[in-house]
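One-letter residues, chain by chain:
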Amino acid sequence: MTTIEFSLIPDADVDFETVSRLMLDFQRDTGINVHLQRMEWGNAWAHLIGFATQGQGVDISHIGSTWVSSLMTMNALRPLPPALINKLGGEQAFVHSTWTNVVAEEDRHIYGIPLSSYVYIIAYRKDLLRQAGLSEASAFATPAAVKDSIDRLEALHATERAWLMPVVPHPFNDLVHMAASWIWSSGGDIMDNRGKQVVFNSPAAIAGLTSYLQLLRRVPQVDYYGSDQCMDALLQGKAAAIITDARALNTAISNKVPNIENIGAASLLSIPWSGGGSLVVWRHTHGYPDRLEASYKLIEFLTRKNIMIDVADNCNTLPSRTDALDELFPPDHALRPVMLQLISMGRSYRAIALWHRIEYQFGIELGEVAKKIIQDHSLDVEETLREAMDSLAYRMNLTLE
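Here the structure is a predicted model, which is why all the values come from computation and not from measurement.

Caption draft 1: Here's a closer look at the overall build of the chain. A tally of regular secondary structure across the chain gives 17 helices and 9 strands. Relative to its length of 401 residues, the chain is compact, with a C-alpha radius of gyration of 21 Å against a globular reference of 21 Å. Projected onto the principal axes, the alpha-carbon positions of the chain cover approximately 65 × 55 × 35 Å. Long-range contacts, defined here as pairs at least 24 residues apart, represent 75% of the contacts in the chain between residues at least 6 apart. For the chain, the accessible area works out to roughly 17,000 Å², and carbon and sulfur atoms hold 49% of it. Distance from the positive charge centre (33 side chains) to the negative charge centre (46 side chains) of the chain: 2 Å.

Caption draft 2: Helix H7 (residues 143–156), seen in detail. Taking 1.5 Å as the rise per residue, H7 with 14 residues should run 20 Å; its terminal C-alpha atoms sit 21 Å apart, in good agreement. For H7, the complete set of buried residues consists of Pro143, Ala145, Val146, Ser149, Ile150 and Leu153. The arc that holds every buried residue of H7, seen down its axis, measures 155°, which confines them to one face. The exposed residues of H7 that point more than 90 degrees off its buried face are Ala144 and Ala155.

Caption draft 3: The packing of helix H9 (residues 203–216) against helix H16 (residues 355–375), seen in detail. Following both chains from N to C, one finds H9 and H16 inclined at 50°, their axes separated by 10 Å at the closest point. With respect to H16, the axis of H9 lies oblique. For the element pair H9 and H16, the recorded crossing hand is right-handed. From H9, Leu209, Leu213 and Leu216 reach across to H16, where they touch Phe362, Leu366, Val369, Ala370, Ile373 and Ile374. Of the residues belonging to the contact of H9 with H16, the class tally is 9 nonpolar, no polar and no charged.

Caption draft 4: Fine view of the packing of aromatic side chains. Taken as a whole and assessed by the stated rule, the structure comprises 13 aromatic pairs. A connected cluster of aromatic rings, assembled from ring pairs, spans Tyr118, Tyr120, Trp184, Trp273, Tyr349 and Trp355. Directly above the aromatic system of Tyr288 lies the positively charged group of Arg291, at a separation of 3.8 Å from the ring centroid. Cation over ring: Arg321 sits above Phe94, and NZ or CZ is 5.5 Å from the ring centre.

Caption draft 5: Looking closely at the packing of H9 against helix H17 (residues 381–400). Closest axis-to-axis distance for the H9/H17 pair is 9 Å, and the angle between their directions is 125°. Taken together, the axis directions place H9 and H17 in an arrangement best described as oblique. Here the hand of the crossing between H9 and H17 comes out right-handed. Within the contact between the two elements, H9 uses Ile206, Leu209, Thr210, Leu213 and Gln214 and H17 uses Val381, Glu382, Leu385, Arg386 and Met389. The residue inventory of the contact of H9 with H17, partitioned by class, reads 6 nonpolar, 2 polar and 2 charged.

Caption draft 6: The side chain of Ser227, seen in detail. Among the structural elements, Ser227 can be located in helix H10 (residues 227–235). Not counting the four nearest positions on each side in its chain, Ser227 is found in contact with Tyr120, Pro166, Thr244 and Asp245.

Caption draft 7: Main features of the pairing of strand S3 (residues 60–64). With 5 of 5 residues buried, S3 is to be regarded as a mostly interior element. Here strand S1 (residues 3–8) runs beside S3; their pairing, made up of 2 bridges, is parallel. Bridge pairing in S3 places Ser7 opposite Ser61.

Caption draft 8: View of the pattern of salt bridges. Going through the model one piece at a time under the given rule, you end up with 21 salt bridges. A salt bridge links Arg247 to Asp15; the nearest nitrogen and oxygen atoms lie 2.6 Å apart. Remark: Asp15 occurs in helix H1 (residues 13–30) and Arg247 occurs in helix H11 (residues 246–254); sequence separation between them is 232 residues. Among the residues examined, Asp15 registers a relative accessible area of 10% and is labelled buried. The closest approach of N and O atoms between Lys147 and Asp151, which form a salt bridge, is 2.9 Å.

Caption draft 9: Geometry of empty space enclosed by the protein. All told, the structure shown has 1 cavity of 30 Å³ or more when counted by the stated rule. The space that makes up the largest cavity amounts to roughly 30 Å³. Along the walls of the largest cavity sit Ser65, Thr66, Ser69, Asn101, Tyr349, Arg350, Ala351 and Trp355, which together make up its complete lining. Looking at the lining of the largest cavity, its residues break down into 3 nonpolar, 4 polar and 1 charged.

Each value, and the rule that gives it
Residues numbered from 1 in each chain as written. Predicted model: local features only at pLDDT ≥ 70, side-chain atom pairs only at ≥ 80, totals over all residues. Heavy atoms only, no water. Helix = DSSP H or I, 4+ residues; strand = E, 2+ residues; numbered from the N terminus. Rg over C-alpha atoms; globule rule 2.2 N^0.38 Å. Contact = heavy atoms within 4.5 Å. Areas by Shrake-Rupley, 256 points an atom, 1.4 Å probe, with all protein chains shown as cover. Lys, Arg positive; Asp, Glu negative; His and termini not counted. Charge placed at Lys NZ, Arg CZ, Asp CG, Glu CD. Expected span 1.5 Å × (residues − 1). Buried < 20%, exposed > 50% of the residue type's maximum accessible area, 1.4 Å probe, protein only. Arc of directions from axis to C-beta. Axes fitted to C-alpha atoms, helices over the stretch in contact; angles between N-to-C directions. Parallel < 35°, antiparallel > 145°, perpendicular 65-115°, else oblique. Left-handed = near helix turned anticlockwise from the far one by under 90°. Nonpolar A, V, L, I, M, F, W, Y, C, P; charged D, E, K, R; others polar. Phe/Tyr/Trp six-rings, centres within 6.5 Å; stacked < 30°, edge-to-face > 60°. Lys NZ or Arg CZ within 6 Å of the ring centre and 35° of its normal. Pairing = 2+ DSSP bridges. Salt bridge = Lys/Arg side-chain N within 4 Å of Asp/Glu carboxyl O. 1 Å grid on protein atoms, 1.4 Å probe; cavity = no way out; pocket = protein on both sides within 12 Å on 5 of 7 lines; lining within 4 Å. Points joined across faces, edges and corners; volume = space filled by probe spheres on them.

Set out below in structure tokens:
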């Protein structure tokens, strides 16, 4: 019996338990034994770098979608064979933004397969939007619309807080992911068209970042306030609108919490950042043909529509296949508008060599600015941002050149 090593980074225990159960089904169907290795998001990257530099370790891994490009350029992965891609339905079978993460910009080879989608959303009280005279379709479509909607919700004095969003101790990796929607929706970008220079200090990008950080000032100064806490506050009537993730709302809907029918969902602006997880097969696995073929079979299994729906039903996660999303979120589902926007306008980062380094340094600097402007309301947000981003862009572009 062939045995392969598969590393997984679950968001919760139920994710690991669900995949463990599915591995027993896979073994029964194929005769292939899968040894599942659990990793945590906080330390997974260090383990993956070890596999890449040492040329040994697990055969196949579930990794963060934005990490694929860095592993490509470390020569840790090989392109997946066209025959496998065709079996899975090709690019058109997956959410476009998840697919861009696994395709190298330079050679257009495919180095991974999207397994899941991840997207932040704005959830809100429908009754309060109506009282404020706001349209569900447009209240959160642009940075200016978000500010206006929050101002009008605040004027109702109907909740303890008109607005809440995640606040996590620095460094907070997802700070960049949420801020990206404000940058793009303001006409800015993080990289130039060539993928050779950072441009997060452009006027449009600074305008978007300023709008985003000004919203952070409207959140109570606490050490930690995650997506789940934001969702709880909304459900308990303590907030009118929040940023959370799609999983948090989907979990509340699945659990049929009281008054859930009064909760609506909107995309995080017109261009939502789209993340998720991808499957990659390591270069060293190619030295073991039986394990390589077994790894390909596991990819086929995990990306079947029915398997993705099984995982989503048990974990309330979002699959990467568009047909699975369509079945899970029918027209009457609260998250349907979010899913349509994700499929049509969702965007991810550039699949370039140094992206992980760029994302990390940009996130660190953005986190420092956020910390300063939250603690000191006398600071001008735009001026503080511009000074920090100009300095960082200068240093990073010297390196990129």
